[in-house]
Amino acid sequence: MTDETNDEAPPVQLWTRDGFMGAHSVVTRSTYAPDYVSVQGPHAPRRAVLDRLTPDDWDDAQALPTIVATSRLGVRLLVSGRRKPMPYVVRNVEADEIHFIQSGTVRFETDVGSLTAEEGDFVCIPKAIAYRYQPTGEAMRSVIVESPSALKLTPPAPTGMINVARDVTYAKVGPDIPAGGPTKLVLKCADGENTVFTMPHDPLSLGVQLSESVPVWKINLCKIQVLTYLPEGGPPSQFLSSGTGDVLMFNLSSRTSGRPPIHINADFDEVICYVRGPGAWGGCSDPGTLTWVPKGVIHHGPSEDVPETYQAWLLETRATLRWTPKAIAASQLMETGEYGPHPSAGK
Ligand SMILES: [Fe+2]
């Protein structure tokens, strides 16, 4: 796909079904389609810098992560920023979870073993696996994606995009977690109606691992290779998806390509997390910037061909996301050209 902003040709507008994979239509327009004057209502593009969104668990160790967005399909987006260990164990009984570690080092203890996640790691905790986590240093920040449909690494080929043997790390049983005393176990549901059991012992105190397969794993964003069709770029390819195809995740870090076309994504909301530079990605230069373009909203998006390089990932979901009042208060309306604040933001 070529850069439609050059002076010789009128801007092209692309409409697609099924994300990058379905039917499409291309027309030209005499004007720059992403421009809008103002907007009212919930289905409007937004951006949030994580450092300006203080999660509830930052000051209150008892708190759960803060919900950024919910949906009728049960797909949710949350943020966490702990300075102290979780004093309880949580088991999500309705969704798989991907925890992306934006900053800090985080120790996860789970029903199937423990692992330590670093900045840039995606950690997968499937439905009904109990866990707790804690920063090993002063603090951590993470973005959590919840998917009711099971999530799996699904790169385009068994090798190439991901070196599974080298770069996917699984949880391991041990070192010993003592049986301990009474422990709170929170069963987490998508409707926010959580149920709290008091268990006589620490439910994460394990013995040995007997099965070969381990469902909790991690991989770092920088170990997921980007795909591009030289010389023009073309769509990225997902590295992870849900069984129903409602959730897809991509490495959207800098790559050799033309700028994306101006387009309307008929079926997927797009959430992009600009993780860090050194290069800026259009209007995004603050590490940990979340951008959201709801389905059916025309957008362009910054060029991904940034020589200084940057890291970013994309969540595409068929769920129609709705940001929570707290997240709306900590975010801004976004223009959909370069993904900066919309000129009306703050007015
Ligand atoms: Fe898009």
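Residues numbered from 1 in each chain as written. Predicted model: local features only at pLDDT ≥ 70, side-chain atom pairs only at ≥ 80, totals over all residues. Heavy atoms only, no water.

## Considering the pairing of strand β17 (residues 217-220)
Every other side chain in a regular strand lies on the same face of the sheet, so the side chains alternate between the two faces. The alternating pattern of β17 places W217 and I219 and K218 and N220 on opposite faces, both of which are buried. As defined by bridge partners, strand β10 (residues 121-125) adjoins β17 across four bridges and the pair is classed as antiparallel. For V123, the partnering residue across the bridge sits in β17 and is K218. (Buried < 20%, exposed > 50% of the residue type's maximum accessible area, 1.4 Å probe, protein only. Helix = DSSP H or I, 4+ residues; strand = E, 2+ residues; numbered from the N terminus. Pairing = 2+ DSSP bridges.)

## Brief notes about the domain arrangement of the protein chain
The domain boundaries assigned to the protein chain delineate domain 1 (12-36 + 43-48 + 222-333) and domain 2 (56-221). Each side of the interface is counted separately: domain 1 has 39 residues, and domain 2 has 35 residues. Note on domain 1 versus domain 2: buried area summed over both sides is about 3,100 Å², and carbon and sulfur give 66% of it. Broken down residue by residue, the surface that domain 1 buries against domain 2 is led by K223, F239 and W313, which jointly contribute 18%. Counting every contact that joins domain 1 to domain 2 gives two salt bridges. A salt bridge links E119 to R276, with the nearest nitrogen and oxygen atoms 3.3 Å apart. Linking domain 1 to domain 2 there are 20 residue pairs in polar contact (both at pLDDT 80 or more). Of all elements in the fold, only β18 (238-242), β19 (247-251), β21 (269-276), β23 (311-317), β24 (322-323) and α2 (325-329) reach the threshold of two or more residues within the side of domain 1 that touches domain 2. (Domains from an automatic or database assignment. Contact = heavy atoms within 4.5 Å. Buried area = accessible area lost by both parts, 1.4 Å probe. Salt bridge = Lys/Arg side-chain N within 4 Å of Asp/Glu carboxyl O. Polar contact = N/O pair within 3.5 Å; in protein donor to acceptor, adjacent residues only side chain to side chain.)

## Here we look at the sheet that holds strand β2 (residues 24-28)
Strand order in this open sheet of three strands is β2-β1-β20, and the pairing throughout is mixed. Among the strands making up the open sheet, the edge pair consists of β2 and β20 (262-265). Sheet twist, expressed as the mean angle between neighbouring strand axes with direction ignored, is 15 degrees. Here strand β1 (residues 12-16) runs beside β2; their pairing, made up of five bridges, is antiparallel. Following the sheet pairing, V12 is matched in β2 by T28. (Axes fitted to C-alpha atoms, helices over the stretch in contact; angles between N-to-C directions.)

## Description of the pattern of salt bridges
This structure, assessed with the given rule, holds 18 salt bridges. D121 is the salt-bridge partner of K218, the closest N and O atoms lying 3.5 Å from each other. Highlighted residues: K218 in strand β17 and D121 in strand β10, separated in sequence by 97 residues. On the accessibility criterion, D121 (4% relative accessible area) is buried. Through salt bridges with shared partners, a single network forms among R76, E97, E146 and K188.

## Some points on the coordination of the iron ion
Coordination of the iron ion by the protein is provided by H263 (NE2), E270 (OE), E270 (OE) and H299 (NE2), with metal-donor distances spanning 2.0 to 2.3 Å. Considering all four donor atoms around the iron ion, the spread of angles at the metal, 58 to 172 degrees, places the coordination shape in the irregular class. (Donors = N, O, S within 2.8 Å, 3.2 Å for Na, K, Ca; no water. Tetrahedral: all angles 85-135°; square planar, octahedral: opposite > 155°, others 65-115°.)

## A short note on unusual backbone geometry
A cis amide bond links L230 with the next residue in sequence, P231, at an omega value of 5 degrees. Looking at where P231 falls in the secondary structure, it is placed in the loop between β17 and β18. Phi is positive for D18, which is not a glycine, with a value near 55 degrees. With respect to the helices and strands, the residue D18 is situated in the loop between β1 and β2. In this structure D18 comes out as partly exposed when scored by relative accessible area, which is 35%.

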